[in-house]
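Topology and contacts: notes
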Amino acid sequence: MTDTPPPSDPAPAPPPPEKPGKPPKRPLLLRLFGISLWGGVKLTGLCILVGFFVLAANFNPAAQDANIPGALAAIAKQALSAAGWAIRNFWKPALAGATIVLPLWVLWRLISLPFRK
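As the structure is a computational prediction, the values presented were derived from the model and not from experiment. (Residues numbered from 1 in each chain as written. Predicted model: local features only at pLDDT ≥ 70, side-chain atom pairs only at ≥ 80, totals over all residues. Heavy atoms only, no water.)

**Examining the overall build of the protein**
Note the following rule: Each helix is a run of H or I in the DSSP string that is no shorter than four residues. Each strand is a run of E no shorter than two, and both are numbered from the N terminus. Exposed residues in this analysis have more than 50% of their type's maximum accessible area, buried residues have under 20%, and partly exposed residues fall in between, with area computed by a 1.4 Å probe over protein chains only. Here the Shrake-Rupley method, with its probe set to 1.4 Å, supplies the accessible areas, and only the displayed protein chains count as covering residues.
For the protein, the helix and strand inventory stands at four helices and zero strands. Secondary structure of the protein in N-to-C order comes out as α-α-α-α. Counting all 117 residues of the protein, 2% fall into the buried class. Counting every atom, the protein has about 11700 Å² of accessible surface; 73% of that belongs to carbon and sulfur.

Next up, the structure:
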């Protein structure tokens, strides 16, 4: 007689590896309203900035003579006027800012040169 080992049960197959492709889809409300802490800070800052403009314009939506389409038209007219002014006079603030910013930028680049790779 030969000593042969009895047949053993085959080893269970390892589970298939998970696909590293796409992460699971997030729920709709989380995708719609889920923002980071920094996003919340930026949103709050934007609300405050817009609030300053609304308060500066003395806008009262509860007033009897509130004309929202007229107000939007006035805002668009003022925005176009401001854009025209900026295009005509762009060189003045650009030159004024460049006289301060560019020397500081060059100085910073020279100082930080040994630390850059």
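**Some points on the confidence of the model for the protein**
Counted only if it meets this: Confidence of the predictor at the level of single residues is given by pLDDT, which spans 0 to 100.
Looking at the protein, pLDDT values average 80 and 85% of them are 70 or higher. When pLDDT is averaged over each helix and strand of the protein, the minimum, 75, is found for helix α1 (residues 28–33) and the maximum, 87, for helix α4 (residues 91–112).

**Section: α4**
Just so we agree on the cut-off: Here, expected helix span is obtained from the residue count minus one, scaled by 1.5 Å. The angle separating two fitted axes, one through the seven residues that finish at a residue and one through the seven that start at it, defines the bend at that residue.
Under the 1.5 Å per step criterion, the end-to-end length of α4 is 30 Å for 22 residues, consistent within 8% with the ideal 32 Å. Taking the largest bend as the criterion, α4 deviates by roughly 40°, centred on A98.

**So, the side chain of S112**
What counts, and what does not: Polar contact criterion, stated in full: a pair of N or O atoms within 3.5 Å, where within protein one must be able to donate a hydrogen and the other to accept it, and residues adjacent in sequence count only if both atoms are side-chain atoms.
Note on placement: S112 falls in helix α4. Judged by relative accessible area, S112 falls into the buried class, the value being 12%. Among the polar contacts listed, one links the side chain of S112 to the backbone oxygen of W108, at a separation of 2.9 Å.

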